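A closer look at the structure
Listed here are the chains, written in short residue letters.
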Amino acid sequence: MRILVVEDDQRLNQALKMSLMDEGYAVDVTFDGEDGEAFAESTAYDAIILDIMLPRKDGIAVCHSLRRHEINTPILMLTARDAIEDRVRGLDSGADDYLVKPFALHELLARLRALMRRTTPQKSGLLCHGDLIVNPATHTVEREGLPIKLNAKEFALLEYFIRHPHQVLTRESIENHIWSYDFISASNVVDVYVRRLRRKLDDPFPVKLLETIYGAGYRLRLPLQMMEAKK
């Protein structure tokens with residue numbers, strides 16, 4: 001999943017970036033409202049962390065502008081103010097949630113997960129696909145009840161697949177969601193990580209979930225035998 005952080009406090013900006021990257025997110029950062037708006041308009045982010053008090057253009061104006069341009073990316077707004085009026089202004093501008101500084105990192109992560117659950121039909125927090133169960137909160141994966149150990153980037157790739165089941169995901173779309181702008185990738189980085197994921201997710205099991213669509217990309221499919229078992 002790819003996150004945009006728009007925060008002018010240099011230390012907080014970098015702390016958020018490093019913490020989110022440790023959780024497996026791809027993270028882009030900007031330090032003022034105009035740059036943040038430009039990033040949000042040019043890239044399909046899964047969530048935006050947006051400070052209210054920003055140079056050049058404040059977060060309220062940025063949020064208003066993004067919603068006017070029909071950019072519906074979930075927005076978590078940050079502010080140092082705790083006045084009810086500020087919270088109301090933030091939410092009325094189109095923000096989805098609100099967090100007052102200082103905040104605990106685990107609360108921010110939980111709020112991000114909650115925002116992204118709103119865009120999926122599975123509201124329990126668990127992402128299920130046949131006999132595959134993914135828990136974004138604990139970064140745990142099970143298949144047929146057996147645990148599967150993934151590193152942060154492999155988990156991010158699987159989460160992207162399971163949030164877009166049955167869809168053919170191009171190499172470009174995968175790279176854009178899993179890696180940030182400042183990552184210099186090899187031309188085959190997506191194929192390498194899909195192979196790694198396939199070794200852990202599919203090779204030990206008789207039914208294969210990851211499918212290569214030659215000339216197009218990859219798809220997380222639900223084989224016929226699993227579809228019949230669900231009926």
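Predicted model, so just to flag it, every value in this text is computed and none were measured.

1. Looking at the sheet that holds strand E7 (residues 132-135)
- An order of E6-E7-E8-E9 is seen for the four strands of this open sheet, with the pairing classed as antiparallel. Among the strands making up the open sheet, the edge pair consists of strand E6 (127-129) and strand E9 (146-148). Taken over all neighbouring pairs, the strand axes of this sheet differ in orientation by 20° on average, direction set aside.
- In the sheet, E6 pairs with E7 via three bridges, with the strands oriented antiparallel. Bridge assignment links Leu 127 to a residue of E7, and that residue is Val 134.
- Across the sheet, helix H6 (residues 152-162) touches E6, E7 and strand E8 (140-143), and the angle it forms with E7 is around 115°.

2. Regarding the sheet that holds strand E3 (residues 47-51)
- Strands sit in the order E2-E1-E3-E4-E5 across an open sheet of five strands; the sheet is parallel. In this open sheet, the two strands that pair with only one neighbour each are strand E2 (26-30) and strand E5 (97-100). Recorded for the sheet is a direction-independent mean angle of 20° between the axes of neighbouring strands.
- Sheet topology note: the E3/strand E4 (residues 75-79) ladder contains four bridges and is parallel. Within the sheet, the bridge partner assigned to Ile 49 lies in E4 and is Leu 76.
- Running at roughly 165° to E4, helix H3 (residues 59-68) makes contact with E3 and E4 of the sheet.

3. Here we look at the packing of aromatic side chains
- For the structure on display, the rule yields one aromatic pair.
- Pairing Trp 179 with Tyr 193 gives two aromatic rings, centres 5.5 Å apart and planes at 65°, and the pair type is edge-to-face. Note that Trp 179 is positioned in the loop between helix H7 (171-178) and helix H8 (189-201) and Tyr 193 in helix H8, a separation of 14 residues in sequence.
- Accessibility expressed as a relative area gives 17% for Tyr 193, which makes it buried.

4. Notes on the UniProt feature "domain: Response regulatory" (unreviewed entry) in the protein chain
- Using the residue numbers shown here, the UniProt feature "domain: Response regulatory" (unreviewed entry) corresponds to residues 2-116.
- Secondary structure over residues 2-116 splits into 47% helix and 21% strand, and the C-alpha atoms at its two ends are 11 Å apart.

5. Observations concerning the domain arrangement of the protein chain
- Domain annotation for the protein chain reports domain 1 (2-119) and domain 2 (127-226).
- For domain 1 and domain 2, the distance between their C-alpha centres works out to 27 Å.
- Across the contact, 16 residues belong to domain 1 and 14 residues belong to domain 2.
- Carbon and sulfur atoms make up 45% of the area that domain 1 and domain 2 hide from each other, which totals about 1200 Å².
- When the buried surface of domain 1 facing domain 2 is broken down by residue, Arg 2, Gly 24 and Arg 113 rank first, second and third, together holding 38% of it.
- Applying the counting rule to domain 1 against domain 2 returns zero salt bridges.
- Where domain 1 meets domain 2, there are three residue pairs in polar contact (both at pLDDT 80 or more).
- Among the secondary structure elements, those contributing two or more residues to the side of domain 1 that touches domain 2 are helix H1 (10-22), E2, helix H2 (33-42) and helix H5 (105-117).
- With three residues, E2 is the single largest residue contributor to the side of domain 1 that touches domain 2.
- Classifying every residue of the side of domain 1 that touches domain 2 gives six nonpolar, three polar and seven charged.

Parameters at a glance
Residues numbered from 1 in each chain as written. Predicted model: local features only at pLDDT ≥ 70, side-chain atom pairs only at ≥ 80, totals over all residues. Heavy atoms only, no water. Pairing = 2+ DSSP bridges. Helix = DSSP H or I, 4+ residues; strand = E, 2+ residues; numbered from the N terminus. Axes fitted to C-alpha atoms, helices over the stretch in contact; angles between N-to-C directions. Contact = heavy atoms within 4.5 Å. Phe/Tyr/Trp six-rings, centres within 6.5 Å; stacked < 30°, edge-to-face > 60°. Buried < 20%, exposed > 50% of the residue type's maximum accessible area, 1.4 Å probe, protein only. UniProt positions renumbered as here; feature names shortened; annotations may be inferred. Domains from an automatic or database assignment. Buried area = accessible area lost by both parts, 1.4 Å probe. Salt bridge = Lys/Arg side-chain N within 4 Å of Asp/Glu carboxyl O. Polar contact = N/O pair within 3.5 Å; in protein donor to acceptor, adjacent residues only side chain to side chain. Nonpolar A, V, L, I, M, F, W, Y, C, P; charged D, E, K, R; others polar.

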